[in-house]
Amino acid sequence: MNRASQSWAVYWNQDVFWKDSPLWRVNAEIFFKRANRTLGFKPEDSVLDIGCGAGYLELFLSPLVKSICAVDVAQQFVDLAARRCRACQNV
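Below is a summary of the structure that appears in this document. (Residues numbered from 1 in each chain as written. Predicted model: local features only at pLDDT ≥ 70, side-chain atom pairs only at ≥ 80, totals over all residues. Heavy atoms only, no water.)

Describing the overall build of the protein chain
- The helix and strand tally for the protein chain stands at 4 helices and 2 strands.
- Each helix and strand of the protein chain, ordered N terminal to C terminal, gives the series α-α-β-α-β-α.
- The principal-axis extent of the C-alpha atoms belonging to the protein chain is close to 40 × 30 × 25 Å.
- In the protein chain, buried positions account for 33% of the 91 residues.
- Looking at the protein chain alone, contacts between residues at least 24 apart form 52% of all its contacts between residues at least 6 apart.
- Just so you have it, the protein chain exposes about 6,200 Å², and 58% of that area is on carbon and sulfur atoms.
- Looking at charge distribution, the protein chain has the averaged site of its 11 positive side-chain charges lying 3 Å from that of its 9 negative ones. (Helix = DSSP H or I, 4+ residues; strand = E, 2+ residues; numbered from the N terminus. Buried < 20%, exposed > 50% of the residue type's maximum accessible area, 1.4 Å probe, protein only. Contact = heavy atoms within 4.5 Å. Areas by Shrake-Rupley, 256 points an atom, 1.4 Å probe, with all protein chains shown as cover. Lys, Arg positive; Asp, Glu negative; His and termini not counted. Charge placed at Lys NZ, Arg CZ, Asp CG, Glu CD.)

As structure tokens, then:
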């Protein structure tokens, strides 16, 4: 991992500001609506969400697609997304 990548990972693994921000949900909802209009998610789709953050996008996608693999460089966000999506069997 190069120095810039390490800095990025360190930043997000130590973040306390964005972790609880309601902007995550707002941003995810706006992105979801625009992406769904363009892509038209289908029940047979599998989604890879790179940089899943707090896991809000998964909540919007989950009812529409077959499966979602959510990944992030920051373990705290992977854990947060996992907790948030624990009722979603396809995440």
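Points about helix 4 (residues 75-84)
- Turning to helix 4, its buried residues number three or more, namely Q76, F77, L80 and A81. One side of helix 4 holds all its buried residues, which, seen down the axis, span an arc of 130°. (Arc of directions from axis to C-beta.)

Re the packing of aromatic side chains
- Taken as a whole and assessed by the stated rule, the structure comprises 6 aromatic pairs.
- Seen from their ring centres, F32 and F60 are 5.6 Å apart, and the 20° between their planes marks the pair as stacked. Of the two residues, F32 sits in helix 2 (residues 23-39) while F60 sits in helix 3 (residues 56-61), which places them 28 residues apart along the sequence. Here F32 matches F60 in class, with each residue buried.
- Linked through ring pairs, Y11, W12, W24 and F77 together constitute an aromatic cluster. (Phe/Tyr/Trp six-rings, centres within 6.5 Å; stacked < 30°, edge-to-face > 60°.)

Looking at the pairing of strand 1 (residues 46-50)
- Burial of the side chains of strand 1 is restricted to one face: V47 and D49 are buried, whereas none of S46, L48 and I50 on the reverse face is.
- Where strand 1 lies against strand 2 (residues 67-71), 5 bridges are found, and the strand directions are parallel. By the bridge assignment for strand 2, D49 is matched with A70.
- A crossover links strand 1 with its parallel partner strand 2, the connecting element being helix 3, and its sense is right-handed. (Pairing = 2+ DSSP bridges. Right-handed = clockwise from strand over helix to strand, strands pointing away.)

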